[in-house]
Amino acid sequence: EKGGYDHFMLKEIYEQPRAILDTYRGRLLADQGLIRMAGIDQNLEKFINANRIIIVACGTSWHAGLVAEYIFEDLARIPVEVEYASEFRYRNPVITDKDVLIAISQSGETADTLAAIKMAKEKGAFVFGVCNVVGSSIARETHAGAYTHAGPEIGVASTKAFTTQITVLSLIALKLAKEKGAMSESKFHEYLTELEGIPSKVEKTLESNKLIEEIAEVYKDSTNCLYLGRGYNFPVALEGALKLKEISYIHAEGYPAAEMKHGPIALIDEEMPVVVIATKKGHYEKVVSNIQEIKSRSGKIIAIVTEGDKSVKEIADHVIEVPETSEPMTPLLTTIPLQLLSYHIALMRGCNVDQPRNLAKSVTVE
Ligand code: F6R
């Protein structure tokens, strides 16, 4: 049932090229220059005329929502707010019938997300679901939706659900960008082709597994770890930190790289590994100077870089390369090494990778 892999988590990490492909299959029609998604097509007016999109989710799905915020605002020029479902439902938010709410949930059973949906519906919002589990409570409670076709995710730590959520949300953002006229036809085609190429680039990224295992060996006894990223890769830093803490029980925090100097930099010493996402484009020069700040305080740098990178290679302790892609799609690649890093570290520490302590696959109580 684990298909020859030692753990579900590893199997699901390796399934990502296929899962992403399954998610855009039949929707992304690059040769026709078209994105076809029934749930969007049938409700296009609601999305186009929305004052804003509110995204609600928990945990890893909330991180996918944050990536989506960057994509929707950058590509489709639609204002987006991303909320923890648990906060949103209890803080008397301003919601009107001009709002579109997107709920993201792998399981489709998360209690807080479900409650947020019910509240938004009562206030007249149009509610759209992005779920993995077909026929789940959230899939049934929403007005419309789009499934991620990741297949069953058994490992408690979410992996392929995250990348397929980003895939669905990218498709939606691109479709709306096109329909709104916020993006040129040629740019739209470029993105479609780029997205179509992602599965093979994920495949390529997975080839770093051995190198990542070696890096894990060096840092497996750390007690703390920082993850930094900017722009599209800030949510990836949050997700990387969550993956490490939930399965290896190492304290980890994700931060926007520029926030370092407002506090966390005080933590840096030779005992502190810092994982930095430093891909080309996306404030690359600024991230390089953030890395220099850490190095000058003896921190250890594990950098995720674009293939062929030179500047970061000179200063980082370890580099893991990912293929080049357009900036909004980098999270689909930069996430992969972070999943593998936490997997190997957890394994080396003797942790139960698939069933970490105190956690359940779906959180049906608030
Ligand atoms: C992290 C993880 C959790 C879930 C969260 C939301 O690896 O698995 O943080 O992402 O409980 O679950 P869903 O997406 O099922 O609503």
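Above this note sits the structure.
Small disclaimer: the values here were computed from a predicted structure and weren't measured. (Residues numbered from 1 in each chain as written. Predicted model: local features only at pLDDT ≥ 70, side-chain atom pairs only at ≥ 80, totals over all residues. Heavy atoms only, no water.)

Draft legend 1. Representation of the layout of surface pockets within the structure. Quantified by volume, the largest pocket comes out at close to 580 Å³. If you trace the largest pocket, you find 25 residues lining it, with Cys58, Gly59, Thr60, Lys361 and Val363 closest to the centre. At the level of secondary structure, the elements contributing two or more residues to the lining of the largest pocket comprise α5 (59–76), β5 (99–105), α7 (111–122) and α13 (234–248). Of the residues assigned to the lining of the largest pocket, the class counts are nine nonpolar, 11 polar and five charged. The calculated volume of the second largest pocket comes to roughly 210 Å³. Lining the second largest pocket are 13 residues, with Ser222, Glu270, Glu271, Met272 and Pro273 sitting closest to its centre. (1 Å grid on protein atoms, 1.4 Å probe; cavity = no way out; pocket = protein on both sides within 12 Å on 5 of 7 lines; lining within 4 Å. Points joined across faces, edges and corners; volume = space filled by probe spheres on them. Helix = DSSP H or I, 4+ residues; strand = E, 2+ residues; numbered from the N terminus. Nonpolar A, V, L, I, M, F, W, Y, C, P; charged D, E, K, R; others polar.)

Draft legend 2. How the structure looks around the nonpolar core. Grouped together as the largest cluster of nonpolar side chains are 89 residues, with contacts concentrated most on Phe72, Ile102, Phe128, Leu174 and Tyr227. In terms of residue count, helix α9 (residues 160–180) provides more of this core than any other element does, 10 residues in total. In terms of nonpolar packing, the next biggest core, distinct from the first, is built from 21 residues, Met260, Ala303, Val312 and Ala316 among them. (Core = buried A, V, L, I, M, F, W, Y, C linked by side-chain atoms within 4.5 Å. Buried < 20%, exposed > 50% of the residue type's maximum accessible area, 1.4 Å probe, protein only.)

Draft legend 3. Expanded view of the pattern of salt bridges. With the rule as written, the count across this model stands at 26 salt bridges. Of the charged contacts in the structure, one is a salt bridge between Lys175 and Asp41, with a shortest N-O distance of 2.8 Å. Of this pair, Lys175 sits in helix α9 while Asp41 sits in helix α3 (residues 38–41), and the two are 134 residues apart along the sequence. Note that Glu217 and Lys220 form a salt bridge whose closest N and O atoms lie 3.0 Å from each other. One continuous salt-bridge network, built from bridges that share partners, spans Lys11, Glu15 and Lys160. (Salt bridge = Lys/Arg side-chain N within 4 Å of Asp/Glu carboxyl O.)

Draft legend 4. Region of interest: the packing of aromatic side chains. Using the criterion set out here, one finds five aromatic pairs in the structure. With a centroid separation of 5.9 Å and 85 degrees between ring planes, the pair formed by Phe47 and Phe126 is classed as edge-to-face. Here the residue Phe47 occupies a position in helix α4 (residues 44–48), and Phe126 occupies one in strand β6 (residues 126–131), the gap between them amounting to 79 residues. Judged by relative accessible area, Phe47 falls into the buried class, the value being 1%. Residue Phe126 is classed as buried on the basis of its relative accessible area of 8%. Taken together, the aromatic side chains of Phe47, Phe126 and Phe128 make up a single cluster linked through ring pairs. Over the ring of Tyr191 we find Lys187; its NZ or CZ atom is 5.3 Å from the centre of that ring. Directly above the aromatic system of Tyr284 lies the positively charged group of Lys280, at a separation of 5.3 Å from the ring centroid. (Phe/Tyr/Trp six-rings, centres within 6.5 Å; stacked < 30°, edge-to-face > 60°. Lys NZ or Arg CZ within 6 Å of the ring centre and 35° of its normal.)

Draft legend 5. Spatial organisation of the site of the ligand. For the ligand, the set of nearby residues contains 14 residues, the closest of which are Ser61, Ser105, Ser107, Thr110 and Glu246. One of the backbone nitrogen or oxygen atoms of Val156 is found 3.1 Å away from an oxygen atom of the ligand. Considered on its own, the ligand offers 400 Å² of accessible surface; in the complex 88% of this is hidden by protein. Comparing atom positions with the cavity grids shows the ligand to sit within the largest pocket. When residues of the shell around the ligand are traced back to their parent elements, those giving at least two are α5 and α13. (Near = heavy atom within 4 Å. Polar contact = N/O pair within 3.5 Å; in protein donor to acceptor, adjacent residues only side chain to side chain. Areas by Shrake-Rupley, 256 points an atom, 1.4 Å probe, with all protein chains shown as cover. Sits in = over half its atoms within 2 Å of the grid points.)

Draft legend 6. Summary view of the pairing of strand β8 (residues 224–229). Burial within β8 is extensive, with five of its six residues counted as buried. In the sheet, β8 pairs with strand β9 (residues 251–256) via six bridges, with the strands oriented parallel. In the sheet register, Leu228 faces β9, and the bridge partner there is Tyr255. Following the chain from β8 across α13 to the adjacent parallel β9, one finds a crossover that is right-handed. Bridge count for β8 against strand β10 (residues 273–278) is three bridges, and the pairing is parallel. Note that in β10 the partner of Tyr227 across the bridge is Val275. (Pairing = 2+ DSSP bridges. Right-handed = clockwise from strand over helix to strand, strands pointing away.)

Draft legend 7. Highlighting the environment of Ala316. Looking at the element boundaries, Ala316 is found in the loop between α15 (311–315) and β12 (318–322). Owing to a relative accessible area of 14%, Ala316 belongs among the buried residues under this scheme. Once the C-alpha coordinates of Ala316 and Ala303 are considered, the two residues, 13 residues apart in sequence, prove to be 6.4 Å apart. Apart from residues lying up to four places away in sequence, Ala316 is in contact with Ile301 and Ala303. (Contact = heavy atoms within 4.5 Å.)

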